[in-house]
Amino acid sequence: MKDTDPIQSAERIVSLIDVDKYFGTNHVIKKFNLHVNQGEFLTLLGPSGCGKTTILRMIAGFEDSSSGMILVQGERVEDKEAYERDVNTVFQSYALFPHMTVFDNIAYGLSVKKVPKEEIKVRVKEMLELVQLLGFEGRKPDMMSGGQKQRVAIARALINNPKVLLLDEPLGALDLKLRKQMQIELKRLQKKLNITFIYVTHDQEEAMAMSDRIAVINNGVLEQLDTPGRIYKHPKTKFVADFIGESNLFDGAVKESKGACSSVVLETGTVRLQAGSEEIPKEAALIPDRDITICVRPEVMKYSKTPVEGFTITGVVKDVIFVGSQYRTLIVMDDGYEVKVNRVKVDKEITEGDRVYLYWDPEDAIGIGTGN
Ligand SMILES: Nc1ncnc2c1ncn2[C@@H]1O[C@H](COP(=O)(O)OP(=O)(O)OP(=O)(O)O)[C@@H](O)[C@H]1O
């Protein structure tokens, strides 16, 4: 399907086309283009204030866009009220009615639509089963845990059979353990029901664990839209490389390329980079004199007490820290940049204060072109 023809695509359930949003003179969403496929779990990920909630609210109909088109199931919705759109929203704050029981909270949408009482009973029961809260129907929200309240909120949204569920940091108020458990439950629910989820979070681990695709947003701009694996292995911009996972970033220029391997000159020395595989853009890595940023993840970063061919950068070991699942070594380069190395086992050969050569397998480095 062509990218230029979103309206024709039956697969695409939500589309934003050239959407801008201003709050006064503050331009918070900039020419935003996004197509969400039917049945996918798509996450909007980015730092606080980058515009995630604003995008979600524009899709939901709680916020107007300043320009551009928003389509749900191929139909423009900018002029439709929130309740006229085939989407439902789950918020971090649950937004349950405190004076109503769990049953009445979940039944609310159907009661408003005057669905017959018998049918409501059957459908609420189905929902309680789905979110594993059978037996809780008589309770009031303040007698439940955060995770249980959020499950009621999800059931309340799902009972309307929305085509799309919008979720704004729904697990944000939960502690880490419960959050991880709910991540699995939510993902299971989404796959089972085959409903499209558009999910907002600033937690990159959560996004990686749950999403089919992630839209990484920076300052109102879509930086990259890709699967979690490709976002991690093949970040297209420095921002994405830095924001997703941990990275060591080196700015330099390509000196020479021989075959698939390039020598890259940094201010602090020379390093190597292999290009040509799908994960490393050849065009960025192999053009002599071209500016390039090299991203090396801490788990593939290496060091040695003796020089390694093709690499001349060095640093001094500052710290070796045990962080539970691994040892993290910090190596400070002469320009002050701190290089991170993660290992499962401690390396008894090096201690704080040692000078080491930094290197990596050329195919493990990711080349990010700067466009120059
Ligand atoms: N109602 C509003 N009036 C004016 N400015 C707003 C309004 N809502 C959001 N903004 C601004 O728009 C920008 C994007 O905010 P938004 O809430 O969408 O970010 P976010 O990525 O969801 O952040 P967070 O993760 O902190 O919730 C911010 O600069 C914010 O201050």
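Residues numbered from 1 in each chain as written. Predicted model: local features only at pLDDT ≥ 70, side-chain atom pairs only at ≥ 80, totals over all residues.

As recorded by an unreviewed UniProt entry, the chain carries the name Spermidine/putrescine import ATP-binding protein PotA and is attributed to Sinanaerobacter chloroacetimidivorans. Check the Subunit (unreviewed entry) section of the UniProt entry for the chain; it says "The complex is composed of two ATP-binding proteins (PotA), two transmembrane proteins (PotB and PotC) and a solute-binding protein (PotD)." Taken from UniProt, the Sequence similarities (unreviewed entry) comment for the chain reads in full: "Belongs to the ABC transporter superfamily. Spermidine/putrescine importer (TC 3.A.1.11.1) family." (UniProt positions renumbered as here; feature names shortened; annotations may be inferred.)

Near the ligand, the surroundings consist of Phe 23, Asn 26, Val 28, Gly 46, Ser 48, Gly 49, Cys 50, Gly 51, Lys 52, Thr 53, Thr 54 and His 202. Elements with a contribution of two residues or more to the shell around the ligand: strand E2 (26-37) and helix H1 (52-60). Top element by residues in the shell around the ligand is H1. It accounts for three residues. Of the residues assigned to the shell around the ligand, the class counts are three nonpolar, eight polar and one charged. (Near = placed C-beta within 6 Å. Helix = DSSP H or I, 4+ residues; strand = E, 2+ residues; numbered from the N terminus. Nonpolar A, V, L, I, M, F, W, Y, C, P; charged D, E, K, R; others polar.)

Now for the environment of Arg 355. Of note, Arg 355 is situated in strand E19 (residues 355-359). With 13 C-beta atoms counted inside 10 Å, the residue Arg 355 sits in the partly exposed group. Note: C-alpha distance between Arg 355 and Ile 331 (24 residues apart in sequence) is 8.7 Å. Filtering out sequence-adjacent residues up to four positions away, Arg 355 remains in contact with Thr 314 and Val 316. (Buried ≥ 20, exposed ≤ 12 C-beta atoms within 10 Å, placed from the backbone. Contact = placed C-beta atoms within 7 Å.)

Turning next to helix H4 (residues 146-158). The α-helix winds at 3.6 residues per turn, so residues separated by three or four positions along the chain end up facing the same way. Its 13 residues give H4 an end-to-end C-alpha distance of 18 Å, which sits within 8% of 18 Å, the value for a rise of 1.5 Å per residue. Burial in H4 covers these residues: Lys 149, Gln 150, Arg 151, Val 152, Ala 153, Ile 154, Ala 155, Arg 156, Ala 157 and Leu 158. Contact partners of the buried residues in H4: strand E6 (87-91), helix H2 (102-112), helix H3 (117-130), strand E7 (164-168) and helix H5 (176-193). (Expected span 1.5 Å × (residues − 1).)

Residues given the UniProt feature "domain: ABC transporter" (unreviewed entry) here are residues 14-244. Structurally, residues 14-244 is divided into 36% helix and 27% strand, and its ends, taken at the C-alpha atoms, are 25 Å apart.

The next thing to look at is the packing of H2 against H4. Two elements in contact, H2 and H4, have axes separated by 7 Å at closest approach and are oriented at 30 degrees. Comparing the axis directions of H2 and H4 gives the class roughly parallel. Seen along the crossing, H2 lies across H4 with a hand that is right-handed. Counting all contacts with H2, which are made through Val 102, Asn 105, Ile 106, Tyr 108 and Gly 109, the residues of H4 involved are Val 152, Ala 155 and Arg 156. (Axes fitted to C-alpha atoms, helices over the stretch in contact; angles between N-to-C directions. Parallel < 35°, antiparallel > 145°, perpendicular 65-115°, else oblique. Left-handed = near helix turned anticlockwise from the far one by under 90°.)

What follows covers the nonpolar core. If you look at the biggest cluster of nonpolar residues, it comprises 85 residues, and the most contacted ones within it are Ile 59, Ala 155, Leu 165, Ile 198, Ala 215, Val 216 and Ile 294. Take this core: its biggest share by element is six residues, from H4. Both of domain 1 (6-238) and domain 2 (246-369) provide at least three residues apiece to this core. In this view, Ile 59 contacts Val 14, Ile 70, Val 87, Leu 166 and Ile 198; residues no more than four positions away in its chain are not counted. (Core = buried A, V, L, I, M, F, W, Y, C linked by C-beta atoms within 7 Å. Domains from an automatic or database assignment.)

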